[in-house]
Amino acid sequence: GARLGVGPSARGTCRGDAGAWKAMREKAKLSMVEAIEAGRTACGEGVPYHAELETDKGRVVFSIDIAQGAKTCNAVIDATDGKLVEKDVDDDDHSKSVSAAKPTLVAAIGTAIAFHPGKVVEAKLSRSAEKPLFTVRIVSEDQVVIVEIDGVTGTVLGAPSVAPETRFTESCRV
């Protein structure tokens, strides 16, 4: 009964495919934590709650979302040089999730990496049954491992389990 998943993201797009994430991670010079710090610097104040490695117009970037009261600042950071690509602020309100979480997104990443070593490709704070939950996706060997962390206690939920059918493929799995 582990709370650990493997494989492409639930969105079912190629972007979340393990092979695509591994290729992007190999191009990225910054770590996820460094990208979050760059996003925080670009946005100024606020609490990071979502960070993801993705492609933008052919460039590998980190998209960093930072809660600023009832608004969200999104900073897109070039994954190779750490420079700000773009920044915008919208009306997405994540203040409830952010205020309910005890550990930070960076602390949750540290916990996940200690639990399952690898390169982080996404870290997100959300709410599950009205409780804060961190989900950290890690590229490790030839798979994407999902580690869930309790947003109040900061502890890992479940034990690692890796399904054998999660080998990288060149095709897009949907």
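Parameters and conventions
Residues numbered from 1 in each chain as written. Predicted model: local features only at pLDDT ≥ 70, side-chain atom pairs only at ≥ 80, totals over all residues. Heavy atoms only, no water. Disulfide = S-S within 2.5 Å. Helix = DSSP H or I, 4+ residues; strand = E, 2+ residues; numbered from the N terminus. Buried < 20%, exposed > 50% of the residue type's maximum accessible area, 1.4 Å probe, protein only. Salt bridge = Lys/Arg side-chain N within 4 Å of Asp/Glu carboxyl O. Pairing = 2+ DSSP bridges.

1. Regarding the state of the cysteines
Applying the stated criterion across every chain, the model contains one disulfide. One disulfide in the model links Cys43 with Cys73; its S-S distance is 2.1 Å. Across the S-S bond of Cys43 and Cys73 the torsion is about -80°, and the bridge reads as left-handed. Placement of Cys43 in helix H2 (residues 32-43) and of Cys73 in strand E4 (residues 71-78) is noted, with a sequence separation of 30 residues between them. Cys73 matches Cys43 in its accessibility class, with the two residues each being buried.

2. As for the environment of Ala18
Tracing the backbone through its elements, the reader meets Ala18 in helix H1 (residues 18-27). Note: C-alpha distance between Ala18 and Val121 (103 residues apart in sequence) is 9.8 Å.

3. Examining the pattern of salt bridges
For the structure on display, the rule yields six salt bridges. One salt bridge connects Arg59 with Asp78, and the closest N-O pair in it is separated by 3.6 Å. Remark: Asp78 occurs in strand E4 and Arg59 occurs in strand E3 (residues 59-68); sequence separation between them is 19 residues. Classification of Arg59 as partly exposed rests on a relative accessible area of 38%. When its relative accessible area of 8% is taken as the criterion, Asp78 is described as buried.

4. A few points about the pairing of strand E5 (residues 84-90)
Pairing of E4 with E5, which is carried by six bridges, proceeds in the antiparallel orientation. Counterpart to Asn74 in the pairing with E5 is Asp88. Remark: five residues form the turn of the hairpin made by E4 and E5, two consecutive strands paired antiparallel; Gly82 in that turn has positive phi of roughly 80°.

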